[in-house]
Amino acid sequence: MLELRNISKRFGAVQANDRVSFTVPTGTIHAIVGENGAGKSTAMRIAYGFYTADSGDILVDGEVREIRTPHDAIALGIGMVHQHFMLVEPMTVAENIVLGSEPGSAVSLDLKKAADEIRKVSDEFRLTVDPNALIENLSVGQQQRVELLKALYRHAEILILDEPTAVLTPQEVEEFFAILRGMREQGKTIVIITHKLSEVLSISDNVTVMRDGKVVGDLKTSETNAAELARLMVGRDVLLRVEKPDAKAGASVLKVQNLSVMGRGESKRVDNVSFDLRAGEIVGVAGVEGNGQTELIEALAGLIPGSHISGTIAFEGRDITQLDARKRKELGIAHVPEDRHRRGLLLDFTLAENTILGVHYRKPAVGFAGVMLDQKGIQRRTEQVIRDFDVRPPNPMLPARALSGGNQQKLIIGREFELPPKLLLVSQPTRGVDIGAIEFIHRKIVEMRDAGCAVLLVSAELEEVTSLSDRLLVLHNGKVAGEVDPKKTSNEEIGLMMTGGARS
Ligand code: ADP
Ligand code: MG
């Protein structure tokens, strides 16, 4: 159905695609996996006419085609759903679907006819959405269905989906995969870009692995496994499951009682949350994003004004509810924030300057009489963080901006871990980080635990919280919907609690 033959594409100094070739048979689900920057999106955007290749051919139905614009691609039956949706918020589902598919006829659009047609397509593929609903009132999962409908409405035979599950809950992923399987049954061909190995294994018939712009593997999914795919993606063996002994939990470090965080108006972002965290254990917080995780961590780190908070936060038996972030840091509370650009780093500052953020007023940054910056001390600390946390390139004088997302994250984690803290608040530690670096960060978190640190871990990645945590709290609507033992629970159980479906 679709074939890429020796596709190459360069952006400035970056060879984004280097003689990429693979074939997608009709009526199959084809996965493309690879780390960030491997060239997956570029290859498929070329097939969709979004970019033009420097060289190479695209074949559709066995014939070489000129695909210069998405228009050409759509005419050939190729549809693409991008990583970031391209819907117009204040318009209805029907308007969005029809938009742009009938050039020149915008004035005379027959929306009623369109709505009927949309209903027909949505019934056929079990993509239920109300054609008259406004986009801004739909959940992310529903918006994604609209994007699919839009492609199907234009008679797409090949659907290209770029990281479609990144924004979905586990339940939504299951429903979404059921829809994709249904489409395959109806003869559609699907290309799905992802970096999640479990998804490749569960949904695809064949898989193409990319690394550094090249195809490094072309496999039948039934004949491969996660370890092999990870090795191809990274170029070396990768430990996929976190290996950790049982926790040896010690004394209570953090005691949170009836903590609430007020949002705008009357709404509570965190609603009467209580829990205990002990030395030497990792407590995970799972939940659909936006259910209070961010505010919970920020309240514990001292980043939310006391006037917005009720309840008490005790650290080693001492009430710290009224202490600011700096005082809490001095007591031994470290924070790896979820948004590394907003809170974690000063991008135009050097790595050295970034490693003393938050500790710039004390040792080792400040030397004699507590006034002079101790350049040697800063240098030593930076070198240590860079070495222990494998930050690349290892040049303390580079601006943080020059590092990849994964290396920026290792720098922040290194800075916070080497304080060293008694309590570690970690939010989304591996978001946007490649699997090689993920393995490394996970190992460091477990090392912190085993050194006696109490760790509170928030992550939207269910795999991550379940495999790292010793105990798991599930947040829904700012409340603790339940606590589960990660070793005994299932994704289904957690997923239900995440969406308010059950309480344990
Ligand atoms: P993936 O989808 O596998 O994460 P991409 O295809 O997006 O990778 O990117 C491959 C490489 O090409 C990366 O180094 C990326 O920075 C670069 N790149 C992609 N698109 C552009 C662009 N429009 N301009 C410059 N560089 C780009
Ligand atoms: Mg991409």
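No experiment lies behind these values; they were computed from the predicted model shown. (Residues numbered from 1 in each chain as written. Chains lettered and ligands numbered in written order. Predicted model: local features only at pLDDT ≥ 70, side-chain atom pairs only at ≥ 80, totals over all residues. Heavy atoms only, no water.)

## Some points on the overall build of the protein
A tally of helices and strands in the protein yields 17 helices and 20 strands. For a compact globule of 504 residues, the expected C-alpha radius of gyration is about 23 Å, and the protein comes in at 25 Å, within 12% of that figure. When each of the 504 residues of the protein is scored for burial, the buried share is 51%. Taken as a whole, the protein presents about 22,900 Å² of accessible surface, with 49% of it coming from carbon and sulfur. Of the charged side chains in the protein, 61 are positive and 69 negative, and the gap between their average positions amounts to 5 Å. (Helix = DSSP H or I, 4+ residues; strand = E, 2+ residues; numbered from the N terminus. Rg over C-alpha atoms; globule rule 2.2 N^0.38 Å. Buried < 20%, exposed > 50% of the residue type's maximum accessible area, 1.4 Å probe, protein only. Areas by Shrake-Rupley, 256 points an atom, 1.4 Å probe, with all protein chains shown as cover. Lys, Arg positive; Asp, Glu negative; His and termini not counted. Charge placed at Lys NZ, Arg CZ, Asp CG, Glu CD.)

## Digging into the site of ligand 1
With respect to spatial proximity, the complete set of residues near ligand 1 consists of Phe11, Val14, Ala16, Glu35, Asn36, Gly37, Ala38, Gly39, Lys40, Ser41, Thr42 and Tyr51. At a separation of 2.8 Å, an oxygen atom of ligand 1 approaches a polar side-chain atom of Lys40. Tyr51 is positioned with one of its side-chain polar atoms (N or O) 3.2 Å from a nitrogen atom of ligand 1. Expressed as a share of its isolated accessible area of 560 Å², the protein-covered part of ligand 1 is 63%. (Near = heavy atom within 4 Å. Polar contact = N/O pair within 3.5 Å; in protein donor to acceptor, adjacent residues only side chain to side chain.)

## Re the sheet that holds strand E18 (residues 454-458)
Each strand in a sheet pairs with its neighbour through backbone hydrogen bonds, running either in the same direction (parallel) or in the opposite one (antiparallel). If you walk across this open sheet you meet the six strands as E16-E17-E18-E13-E19-E20, and the pairing is mixed. For this open sheet the edge positions go to strand E16 (333-336) and strand E20 (479-484), each flanked by a neighbour on one side alone. For this sheet the average axis-to-axis angle between neighbouring strands, irrespective of direction, equals 20 degrees. Judged from the four bridges that link them, strand E13 (residues 282-286) and strand E19 (residues 471-476) form a sheet pairing that is parallel. Note that in E19 the partner of Val285 across the bridge is Leu473. Sheet strands touched by helix H9 (residues 293-301): E13, E16, strand E17 (423-427), E18 and E19. Its angle to E17, the strand with the most contacts, is close to 150 degrees. The sheet strands contacting helix H15 (residues 435-450) are E13, E17 and E18, and the helix crosses E13 at an angle near 135 degrees. (Pairing = 2+ DSSP bridges. Axes fitted to C-alpha atoms, helices over the stretch in contact; angles between N-to-C directions. Contact = heavy atoms within 4.5 Å.)

## Here we look at the nonpolar core
Counting residues in each nonpolar core, the largest one holds 88 residues, and the members touching the most others are Leu180 and Met183. Considering each element in turn, this core owes the most residues, eight residues, to H15. Contact partners of Leu180, with chain neighbours within four places excluded, come to Ile29, Leu161, Ile190, Ile192 and Ile203. In this structure, Val256, Leu277, Val285 and Ile333 belong to the second largest nonpolar core, which totals 30 residues. (Core = buried A, V, L, I, M, F, W, Y, C linked by side-chain atoms within 4.5 Å.)

## Comments concerning helix H5 (residues 140-153)
In this model H5 runs 20 Å from its N-terminal to its C-terminal C-alpha over 14 residues, within 8% of the 20 Å that 1.5 Å per residue would give. Of all 14 residues that make up H5, twelve are buried, and the element is covered over most of its length. Looking only at H5, the buried set comprises Gly141, Gln143, Gln144, Arg145, Val146, Glu147, Leu148, Leu149, Lys150, Ala151, Leu152 and Tyr153. Against the buried residues of H5 lie strand E6 (78-81), helix H3 (93-98), helix H4 (111-124), strand E7 (158-162) and helix H6 (170-185). (Expected span 1.5 Å × (residues − 1).)

## Examining the side chain of Asn17
Relative to the helices and strands, Asn17 is located in strand E2 (residues 14-24). Taking the relative accessible area as the measure of exposure, Asn17 reaches 0% and is therefore buried. If near-sequence neighbours (up to four positions away) are discounted, Asn17 is found in contact with Ile7, Ser8, Lys9, Gly39, Thr42, Ala43, Ile46, Met210 and Gly213.

## A short note on the environment of Asp434
As for its placement among the helices and strands, Asp434 is situated in the loop between E17 and H15. The partly exposed category is assigned to Asp434, whose relative accessible area is 23%. Taking C-alpha positions, Asp434 is 24 Å from Leu472, a pair spaced 38 residues apart along the chain. Those residues within four positions of Asp434 in sequence are excluded, and the remaining contacts are Glu35 and Asn36.

## Quick notes on the sheet that holds strand E3 (residues 29-33)
If you trace the six strands from one edge of the open sheet to the other, you get E6-E7-E8-E3-E9-E10, paired in mixed fashion. The strands lining the two open edges of the sheet, one partner per strand, are E6 and strand E10 (214-220). Strand after strand, the sheet turns through a mean of 15 degrees between neighbouring axes, direction not considered. Sheet analysis places strand E9 (residues 206-211) next to E10, joined by six bridges and oriented antiparallel. Within E10, the position partnered with Val207 by the bridge is Leu219. The strands touched by H5 within the sheet are E6 and E7, with E7 carrying the most contacts at an inclination of about 155 degrees. Its contacts with the sheet place H6 against E3, E7 and strand E8 (189-194), and it is angled at close to 150 degrees to E8.

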